[in-house]
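Descriptive structure summary
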Amino acid sequence: MTPYAHLTEQQAAAALEEFLEERPAALRHLELAVGDAVELDRSVESLGPLWVWVKKRLQLGPSGQQPSWSRLGLGEHERLDEASLQLLDGLISYVTEIVTSAAPDATWEVATDPHPQFLHQNQPMLRAGAWEQVPATTIGNLGRQVFSEWPPADDRLASVVSTWLADLADTR
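The present account deals with the structure reproduced in this document.

Conventions and cut-offs
Residues numbered from 1 in each chain as written. Predicted model: local features only at pLDDT ≥ 70, side-chain atom pairs only at ≥ 80, totals over all residues. Heavy atoms only, no water. Helix = DSSP H or I, 4+ residues; strand = E, 2+ residues; numbered from the N terminus. Rg over C-alpha atoms; globule rule 2.2 N^0.38 Å. Buried < 20%, exposed > 50% of the residue type's maximum accessible area, 1.4 Å probe, protein only. Contact = heavy atoms within 4.5 Å. Pairing = 2+ DSSP bridges. Phe/Tyr/Trp six-rings, centres within 6.5 Å; stacked < 30°, edge-to-face > 60°. Axes fitted to C-alpha atoms, helices over the stretch in contact; angles between N-to-C directions. Salt bridge = Lys/Arg side-chain N within 4 Å of Asp/Glu carboxyl O. Parallel < 35°, antiparallel > 145°, perpendicular 65-115°, else oblique. Nonpolar A, V, L, I, M, F, W, Y, C, P; charged D, E, K, R; others polar.

Helix and strand counts for the protein chain stand at 6 helices and 3 strands. Going residue by residue from the N terminus, the α and β elements of the protein chain occur as α-α-α-α-β-β-β-α-α. For a compact globule of 172 residues, the expected C-alpha radius of gyration is about 16 Å, and the protein chain comes in at 15 Å, within 12% of that figure. Its C-alpha atoms give the protein chain principal-axis dimensions of roughly 45 × 40 × 30 Å. Across the 172 residues that make up the protein chain, the buried fraction comes to 44%. Nonlocal contacts in the protein chain, meaning residues at least 24 apart in sequence, comprise 62% of its contacts between residues at least 6 apart.

This brings us to the pairing of strand β2 (residues 124-128). One face of the sheet, then the other: side chains in a regular strand alternate in exactly this way. Burial runs high along β2: 4 of the 5 residues are buried. Of the strand pairs in this sheet, β2 and strand β3 (residues 131-133) are connected by 3 bridges, and their pairing is antiparallel. By the bridge assignment, R127 is partnered in β3 with E132. Counting the residues in the hairpin turn of β2 and β3 gives 2 residues, including G129, whose phi is positive at 60°.

Under the definition given, this model contains 2 aromatic pairs. Summarising the aromatic geometry, the rings of F19 and W108 are spaced 5.1 Å apart at their centres and angled 65° between planes, so their arrangement reads as edge-to-face. Remark: W108 occurs in strand β1 (residues 107-110) and F19 occurs in helix α1 (residues 9-34); sequence separation between them is 89 residues. Overall, F19 belongs to the buried group, its relative accessible area being 1%. Owing to a relative accessible area of 21%, W108 belongs among the partly exposed residues under this scheme.

Bringing the environment of S84 into the picture now. For S84, the position within the fold is in helix α4 (residues 82-102). The buried category is assigned to S84, whose relative accessible area is 0%. Distance from S84 to A169, taken between C-alpha atoms, is 32 Å for residues 85 residues apart in sequence. Setting aside anything within four residues of it in sequence, one finds S84 in contact with R57, L58 and Q59.

On to the sheet that holds β1. Read across the sheet, 3 strands follow the order β1-β2-β3 without closing on themselves; strand pairing throughout is antiparallel. In this open sheet, the two edge strands, each paired with only one partner strand, are β1 and β3. Sheet twist, expressed as the average angle between the axes of neighbouring strands with direction ignored, equals 35°. As paired elements, β1 and β2 share 4 bridges and run antiparallel to each other. What sits directly across from E109, in β2, is M125.

A few words now on the pattern of salt bridges. Evaluation of the coordinates by the stated rule reveals 8 salt bridges. Measuring nitrogen to oxygen at the nearest pair gives 2.7 Å for the salt bridge that ties R71 to E18. Of the two residues, R71 is situated in helix α3 (residues 68-71) and E18 in helix α1; the sequence distance between them amounts to 53 residues. Among the ionic pairs, D89 bridges to R23, the shortest N-O distance being 2.6 Å.

Packing of helix α2 (residues 47-55) against helix α6 (residues 156-170) brings their axes to within 7 Å, and their N-to-C directions diverge by 135°. Classified by the angle their axes make, α2 and α6 are oblique. Within the contact between the two elements, α2 uses L47, G48 and W51 and α6 uses R156, L157, A158 and V161. Split into classes, the residues belonging to the contact of α2 with α6 amount to 5 nonpolar, 1 polar and 1 charged.

Purely geometric numbers; function is a separate question.
This is the structure in structure tokens:
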């Protein structure tokens with residue numbers, strides 16, 4: 001599989017479309033998996049309990065069928081199993097709903113930069129004015145860090161998204 005960094009312009013556009021097509025089903029999967037365990041009210045405050053719930057369910061193992069952001073990503077971290085990747089995929093959708101409700105003008109784009117070592121080259125990027133983020137990379141990395149020597153704190157996801165929203169407000 002060709003990683004994001006090596007995709008042609010047309011392949012990157014197709015990868016972005018695939019990523020966007022995955023969002024609704026990923027969110028539905030997360031909502032069904034969470035059930036009544038966490039109130040998913042689309043608030044930053046809901047991210048604390050949701051992240052705690054997700055972290056307890058992440059496991060290493062065969063990655064099986066992967067969402068596009070994982071399949072095309074760097075792949076240099078230990079691999080999470082298929083169920084874990086599905087939870088993170090839903091979390092990406094949930095987080096982007098929170099962000100886009102704060103920034104309804106935000107759009108998805110293919111991340112590009114003329115610098116040959118640009119870390120996010122061709123990845124799905126959310127942009128609103130001068131603000132830009134690659135949510136799949138951030139959330140995927142948080143998920144993999146659960147198994148590192150320095151696992152992310154229970155409030156880490158909420159903290160990241162709060163920072164994004166503050167930065168977003170500052171750029172307006």
